[in-house]
Amino acid sequence: MKRAFDPGDRVRVRKVDAPGHIRTPYYIRGKEGEIERFCGFFRNPEELAYGRYDCEQRALYRVRFLQRHVWPDYGGPRHDTVDIDIYEHWLERI
Amino acid sequence: MSEHHDHDHEAPRRHRHPLQPDADDTLTYHRKLEIAVRELLIEKGIFTADDVRAAIEELDGRTPDRGSRVVARAWVDPEYKALLLKDARKACESLGFDMDLFDVTLTVVENTPKVHNVIVCTLCSCYPRMLLGLPPSWYKSRAYRSRMVKEPRVVLKEFGLELPEDVTVRVHDSTADLRYLVLPMRPEGTAGMSDRLVTRDSMIGVALAQRPR
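Quantities reported herein were computed from a predicted structural model and do not represent experimental measurements. (Residues numbered from 1 in each chain as written. Chains lettered and ligands numbered in written order. Predicted model: local features only at pLDDT ≥ 70, side-chain atom pairs only at ≥ 80, totals over all residues. Heavy atoms only, no water.)

Novice: Give me the lowdown on the overall build of chain B, citing residues and values where you can.
Specialist: Secondary structure assignment for chain B yields ten helices and four strands. Scanning chain B from its N terminus toward the C terminus, one meets helices and strands in the order α-α-α-α-α-β-β-α-α-α-α-β-β-α. Here the C-alpha atoms of chain B give a radius of gyration of 22 Å, more than 25% beyond the 17 Å that 2.2 N^0.38 yields for 213 residues. Principal-axis analysis of the C-alpha atoms gives chain B an extent of 70 × 55 × 35 Å. (Helix = DSSP H or I, 4+ residues; strand = E, 2+ residues; numbered from the N terminus. Rg over C-alpha atoms; globule rule 2.2 N^0.38 Å.)

Novice: An account of the overall build of chain A is needed here, citing residue identities and associated values.
Specialist: Along chain A, the regular secondary structure elements total two helices and five strands. Counting from the amino terminus, helix and strand elements in chain A follow one another as β-β-α-β-α-β-β. In terms of principal-axis extent, the alpha carbons of chain A reach across some 45 × 25 × 20 Å. In chain A, which comprises 94 residues, the proportion classed as buried is 44%. Taking the contacts inside chain A whose residues are at least 6 apart along the sequence as the reference set, 59% of them involve residues at least 24 apart. Put simply, chain A shows about 5000 Å² of open surface, and 46% of that area lies on carbon and sulfur atoms. (Buried < 20%, exposed > 50% of the residue type's maximum accessible area, 1.4 Å probe, protein only. Contact = heavy atoms within 4.5 Å. Areas by Shrake-Rupley, 256 points an atom, 1.4 Å probe, with all protein chains shown as cover.)

Novice: So what about the nonpolar core? Which residues, and what values?
Specialist: Grouped together as the largest cluster of nonpolar side chains are 71 residues, with contacts concentrated most on Phe-65, Ile-86 and Leu-91 of chain A together with Tyr-144 of chain B. Aside from chain neighbours lying at most four places away, what touches Tyr-144 of chain B is Val-118, Ile-119, Val-120, Trp-138, Tyr-139, Val-155, Phe-159, Ile-204 and Val-206 of chain B. (Core = buried A, V, L, I, M, F, W, Y, C linked by side-chain atoms within 4.5 Å.)

Novice: Any chance you could break down the sheet that holds strand E3 (residues 57-66) of chain A for me, citing the residues and the numbers?
Specialist: In a beta sheet, neighbouring strands are held together by backbone hydrogen bonds and run either parallel or antiparallel to one another. Spatially, E5(A)-E1(A)-E2(A)-E3(A)-E4(A)-E3(B)-E2(B) is the arrangement adopted by the seven strands of the open sheet, whose pairing is mixed. Two strands bound the open sheet, and with one partner strand each, they are strand E5 (91-93) of chain A together with strand E2 (115-120) of chain B. Adjacent strand axes in the sheet meet at a mean angle of 35°, parallel and antiparallel pairs treated alike. With three bridges joining them, strand E1 (residues 10-13) of chain A and E5 of chain A adopt antiparallel strand pairing. Across the sheet, residue Val-11 of chain A finds its bridge partner in E5 of chain A, namely Arg-93 of chain A. Along the sheet, helix H8 (residues 142-150) of chain B makes contact with strand E4 (81-87) of chain A together with E2 and strand E3 (168-173) of chain B, crossing E2 of chain B at roughly 150°. (Pairing = 2+ DSSP bridges. Axes fitted to C-alpha atoms, helices over the stretch in contact; angles between N-to-C directions.)

Novice: Could you give me a rundown of the packing of helix H3 (residues 65-76) of chain B against helix H4 (residues 78-86) of chain B, with the residues and numbers involved?
Specialist: Residues and elements named next belong to chain B. Axis separation between H3 and H4 bottoms out at 5 Å; the angle between their running directions is 125°. Here H3 lies oblique to H4, going by the angle between them. Relative to H4, the crossing made by H3 is left-handed. Along its contact with H3, which presents Val-70, Arg-73, Ala-74 and Val-76, the element H4 presents Pro-78, Tyr-80, Lys-81 and Leu-84. Considered class by class, the residues forming the contact of H3 with H4 number six nonpolar, no polar and two charged. (Parallel < 35°, antiparallel > 145°, perpendicular 65-115°, else oblique. Left-handed = near helix turned anticlockwise from the far one by under 90°. Nonpolar A, V, L, I, M, F, W, Y, C, P; charged D, E, K, R; others polar.)

Novice: An account of a nonpolar patch on the surface is requested, with residue identities and associated values reported.
Specialist: A cluster of nonpolar residues, Tyr-29, Leu-33 and Val-37 of chain B, forms a patch on the protein surface that exposes about 300 Å² of accessible area. Its place among the elements puts Val-37 of chain B in helix H1 (residues 29-43). (Patch = residues over 30% accessible without salt bridge, like charges linked within 9 Å, V, L, I, M, F, W, Y side chains within 5 Å. Salt bridge = Lys/Arg side-chain N within 4 Å of Asp/Glu carboxyl O.)

Novice: Outline the environment of Leu-41 of chain B, supporting the account with residue identities and numerical values.
Specialist: Mapped onto the fold, Leu-41 of chain B is located in helix H1. Setting aside anything within four residues of it in sequence, one finds Leu-41 of chain B in contact with Ile-46 and Phe-47 of chain B.

Novice: Can you tell me about the packing of aromatic side chains, naming the residues and giving the values?
Specialist: For the structure on display, the rule yields ten aromatic pairs over all chains. On the basis of an interplanar angle of 65° and a centroid distance of 5.1 Å, the ring pair of Trp-138 of chain B and Tyr-144 of chain B is categorised as edge-to-face. Tyr-144 of chain B sits in the buried class, given a relative accessible area of 4%. Across the ring face of Trp-90 of chain A, the terminal group of Arg-14 of chain A is positioned such that the distance to the ring centre comes to 6.0 Å. Of note, Arg-73 of chain B hangs over the ring of Tyr-80 of chain B, and the distance from its end group to the ring centre comes to 4.8 Å. (Phe/Tyr/Trp six-rings, centres within 6.5 Å; stacked < 30°, edge-to-face > 60°. Lys NZ or Arg CZ within 6 Å of the ring centre and 35° of its normal.)

Novice: Outline the layout of surface pockets, listing residues and values.
Specialist: Where empty space is left can be seen by rolling a probe of water-molecule size over the atoms. The calculated volume of the largest pocket comes to roughly 390 Å³. Along its surface, the largest pocket is lined by 20 residues, and Leu-48 and Tyr-87 of chain A together with Asp-103, Val-104 and Asp-177 of chain B are the ones closest to its centre. Breaking the lining of the largest pocket down by element, the ones donating at least two residues are strand E2 (32-43) and helix H1 (45-48) of chain A. It is E2 of chain A that contributes the most residues to the lining of the largest pocket, three residues altogether. Here the lining of the largest pocket is built from residues that sort into ten nonpolar, four polar and six charged. The computed volume of the second largest pocket comes to approximately 280 Å³. (1 Å grid on protein atoms, 1.4 Å probe; cavity = no way out; pocket = protein on both sides within 12 Å on 5 of 7 lines; lining within 4 Å. Points joined across faces, edges and corners; volume = space filled by probe spheres on them.)

Novice: So what's going on with the state of the cysteines? Which residues, and what values?
Specialist: Under the defined criterion, the tally for this structure stands at zero disulfides over all chains. Between Cys-39 of chain A, a free cysteine, and Cys-126 of chain B, which holds the nearest cysteine sulfur, the sulfur-to-sulfur gap is 14 Å. Here Cys-39 of chain A falls in the buried class, since its relative accessible area comes to 17%. We note that Cys-92 of chain B lacks a disulfide partner, and the nearest cysteine sulfur, in Cys-39 of chain A, lies 17 Å from it. The exposure class assigned to Cys-92 of chain B is buried, which follows from its relative accessible area of 0%. (Disulfide = S-S within 2.5 Å.)

As structure tokens, then:
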């Protein structure tokens, strides 16, 4: 299986409003971060939720975001981060 | 609390407090559904009532002691710590914990003098149950889930943990197939002490591992 991103790559989370069982939190959509690590291939939860157990696998990444990029009014230091697990089809290269 | 009771002093014998309602007397839709499905599966011979009881017993038997053993071992054994950070599943299996039940990737994140990790699941209540058992009720609360990701330092302060500005606070939102466990730093001057230093909250990241009080 192939994956699109490597650690260090800059990515943006797609800003779409999709129905169904989405594991990409709303607050992170449209935000920019950096691939921290590739976590492996996992079955797509958006398919699994509907009982499609033989669905194709998707690459999963841990993406690191600076808190001040996620929350413009973030009250802590500039270097604080939030790390989130995001599937490849939710990420676009920047 | 006030000692005043709003009752009739003229007729003390008739004085009765209202009964506390039982906490488990609400037969909700999902409770009914669970009972119906369970009884059907038992009737069809898929499993027995004793299987269900044993599964609940096993579930309740998982406590943060497992996580404490893993952390304490990592504190004294650098090779084990390296394995734990690289392949936590293998490291846990080597201590005899059965990880086959869990179809997720356990990921251990290490606290250092410069980085403090804390875990949350903003979407539901994902938690490293294989090592910590069931999550505490506050972990599942809407307040913790929404605030820890947005103002972690404020929430940590409410838990009694104030971190210096030069320490990076790294929140881990377990949104998918990973489950996080924090590897806390070993408190100074605790060589030879047991794994009792490692508490549940220090492995979630809302506290530090501390010397016994």
